[in-house]
Amino acid sequence: MLKIHKDYSLLGHNTFGIDARTAIFVEYSSEEELRSVAGMLRDGSLPSPWLHIGGGSNLLLTRDWPGTVLHSLVTGCNTVFRDDDNVVVRAGAGMVWDEFVAMCVDKGWYGAENLSAIPGETGAAAVQNIGAYGMEAKDLVLEVETLDMTSGEKRTFSARDCRYGYRSSIFKQPENKRYVVLSVLLRLGLRPHLNIEYRALSEALAGKDRISLQDVRETVRSIRSSKLPDPSETGSAGSFFTNPVVPRSRLEELQRHWPEIPYYPVSADTVKLSAGWLIEQCGWKGRSLGRAGVYPRQALVLVNLGGASGSEIVALADAVRTSVRERFGVELSPEVNIL
Ligand code: EPU
């Protein structure tokens, strides 16, 4: 059954805790229901523009939404293939991502454990190519099944079609916003294989022998909770900016002034800088502007100190960007979708 609400508060649907409203909020539980919603949007029985949200964990609302907000309640997960090495599962876009990871760890399936405790849902994970501790969603995604809202037809994208990059995919391009993710096919490994190279992870696991999937999941959860706010207590959307990718020549110029600047090689001539470090150097860590703050334990995270509006968070983000631009000549881009 479609669930349709009028003049609905999105407070419970965004982790920043912004009290914005939408004219209509629709939750659907199947492909057929989404197809009928697409028809209602086309014939005007539901108001446009429409916006699809997942867990609202990468979203900053700066205004009320004048049209329809959609949310998937397609949450099932089933096995579609299994051999000696791998298992392939189909997960509904509305499945809570961390419940998917917990299930994989529970069943002894390898590959999702480093992505433990990331807020949000599976459809958005495949759109945003979430990543942490040396792994990205693209390492698991085989196919993304979508509904084209303009034609009402189903279209399946292979991982290659998705053109995954750092926190990006074709679904983030404006011309592809018409594709709504129905479900995601993900491949997990059945043979023991862990990826614990990421420094914070290898340091936390040092000295431990016979490391299990559960150990990795628990370690990731504890690193995250030591650095990132608990969304149930403090409003935030995780990292507010992406880590900037710059030419190596730019890094060399910066190293003349700041020899200790952290960086990670991306290609032969580009490197990724740590936005958190740049922001901290500008003195923003732990500081606030109105009811918006820079998280004291991770400068890349902006937080709602209580009752902030979306515009207050944006004002802080702009001030942080200006400082980083003036001091380092580096432009920060929001990772969060600002609406
Ligand atoms: N750093 C500082 N000060 C800070 C924060 C970071 O100096 O306040 C420096 C440190 O040198 C640290 C380095 O930045 O060693 C990297 O920090 P961290 O390991 O915390 O990772 P990050 O680059 O800040 C990224 C992701 C996170 C992900 C972690 C772990 C992005 C935009 N963020 O953060 O993802 O959990 O790596 O893999 O790529 C998210 O996307 O919402 C998110 C939380």
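Residues numbered from 1 in each chain as written. Predicted model: local features only at pLDDT ≥ 70, side-chain atom pairs only at ≥ 80, totals over all residues. Heavy atoms only, no water.

**Some remarks on the overall build of the protein**
- Of regular secondary structure, the protein possesses eight helices and 20 strands.
- The C-alpha atoms of the protein give 21 Å as radius of gyration, which agrees with the globular expectation for 339 residues (20 Å, within 12%).
- Structurally, the protein occupies a C-alpha span of about 60 × 55 × 35 Å along its principal axes.
- Counting the 339 residues in the protein, one finds 48% classified as buried.
- Within the protein, counting contacts between residues at least 6 apart in sequence, those at least 24 apart form 61% of the total.
- Taken as a whole, the protein presents about 15700 Å² of accessible surface, with 48% of it coming from carbon and sulfur.
- Averaging the locations of the 38 positively and 41 negatively charged side chains of the protein gives two centres separated by 2 Å. (Helix = DSSP H or I, 4+ residues; strand = E, 2+ residues; numbered from the N terminus. Rg over C-alpha atoms; globule rule 2.2 N^0.38 Å. Buried < 20%, exposed > 50% of the residue type's maximum accessible area, 1.4 Å probe, protein only. Contact = heavy atoms within 4.5 Å. Areas by Shrake-Rupley, 256 points an atom, 1.4 Å probe, with all protein chains shown as cover. Lys, Arg positive; Asp, Glu negative; His and termini not counted. Charge placed at Lys NZ, Arg CZ, Asp CG, Glu CD.)

**Some remarks on the sheet that holds strand β19 (residues 301-304)**
- An order of β13-β19-β18-β17 is seen for the four strands of this open sheet, with the pairing classed as antiparallel. Edge strands, defined here as strands with exactly one partner in the open sheet, are β13 (235-239) and β17 (288-289).
- Across three bridges, strand β18 (residues 292-294) lies against β19 in antiparallel orientation. Across the sheet, residue alanine 292 finds its bridge partner in β19, namely asparagine 304. (Pairing = 2+ DSSP bridges.)

**Some details on the pairing of strand β16 (residues 270-273)**
- Burial along β16 is two-sided: the face carrying Thr270 and Lys272 and the face carrying Val271 and Leu273 are both buried.
- As paired elements, strand β14 (residues 245-247) and β16 share three bridges and run antiparallel to each other. Residue valine 245 lies in a different strand from β16, and its bridge partner there is lysine 272.
- Direction of pairing for strand β15 (residues 263-265) relative to β16: antiparallel, over a ladder of three bridges.

**Some points on the site of the ligand**
- Around the ligand lies a shell of 24 residues, among which Tyr133, Tyr166, Tyr198, Glu280 and Gln298 are the nearest.
- Between serine 239 and the ligand, the recorded distance is 2.9 Å, taken from a backbone N or O atom to an oxygen atom.
- Protein chains shield 81% of the accessible area of the ligand, which is 810 Å² for the free molecule.
- Counting residues per element, the shell around the ligand draws most heavily on helix α7 (residues 275-281), at three residues.
- Counted by class, the shell around the ligand contains 10 nonpolar, eight polar and six charged residues. (Near = heavy atom within 4 Å. Polar contact = N/O pair within 3.5 Å; in protein donor to acceptor, adjacent residues only side chain to side chain. Nonpolar A, V, L, I, M, F, W, Y, C, P; charged D, E, K, R; others polar.)

**Things to note about the packing of aromatic side chains**
- For the structure on display, the rule yields nine aromatic pairs.
- Seen from their ring centres, phenylalanine 16 and phenylalanine 240 are 6.3 Å apart, and the 70° between their planes marks the pair as edge-to-face. Of this pair, phenylalanine 16 sits in the loop between β1 (3-9) and β2 (21-28) while phenylalanine 240 is found in the loop between β13 and β14, placing the two residues 224 residues apart along the sequence. Like phenylalanine 16, the residue phenylalanine 240 is buried in the burial classification.
- Each ring, one from tryptophan 277 and one from phenylalanine 328, has its centre 5.9 Å from the other, and the planes form 50°; the classification is tilted. Linking tryptophan 277 in helix α7 with phenylalanine 328 in helix α8 (residues 310-328), this pair joins segments that are 51 residues apart in sequence. (Phe/Tyr/Trp six-rings, centres within 6.5 Å; stacked < 30°, edge-to-face > 60°.)

**Describing unusual backbone geometry**
- Residue proline 49 is reached from serine 48 by a cis peptide bond, and omega for that bond is -5°.
- Relative to the assigned elements, proline 49 resides in the loop between α1 (31-42) and β3 (50-53).
- One non-glycine residue, alanine 117, lies in the positive phi region at around 65°.
- Looking at the element boundaries, alanine 117 is found in the loop between α2 (97-107) and α3 (122-128).
- Exposure remark for alanine 117: the relative accessible area of 29% places this residue in the partly exposed category.
- Within the chain, asparagine 129 stands out as a residue other than glycine whose phi angle is a positive 50°.

**Concerning the environment of arginine 90**
- The topology assignment puts arginine 90 in strand β7 (residues 86-92).
- Note: C-alpha distance between arginine 90 and arginine 256 (166 residues apart in sequence) is 50 Å.
- The residues touching arginine 90, leaving out its near neighbours within four places in the chain, are Gly76, Cys77, Asn78, Val80, Glu145, Ser183, Val184 and Leu185.
- Among the polar contacts made by the side chain of arginine 90, one reaches the side chain of glutamate 145 at a distance of 3.0 Å.

**Looking at the sheet that holds strand β5 (residues 65-72)**
- With respect to topology, four strands assemble into an open sheet ordered β1-β2-β5-β3, the strand pairing being mixed. The open sheet has two edge strands, β1 and β3, and neither has a second partner. Neighbour-to-neighbour, the strand axes of the sheet open up by a mean angle of 25°, direction not taken into account.
- As paired elements, β2 and β5 share six bridges and run parallel to each other. If you follow phenylalanine 25 over to β5, its bridge partner there is valine 69.
- Of the strands in this sheet, β2, β3 and β5 are in contact with α1, which crosses β5 at around 165°. (Axes fitted to C-alpha atoms, helices over the stretch in contact; angles between N-to-C directions.)

**Let's talk about α2**
- Buried within α2 are the following residues: Trp97, Asp98, Phe100, Val101, Met103, Cys104 and Val105.
- Buried positions along α2 lie against β6 (77-82), β7, α3, β12 (179-189) and α5 (213-227).
- One or two positions beyond α2, positive phi appears at glycine 108, with a value near 80°.

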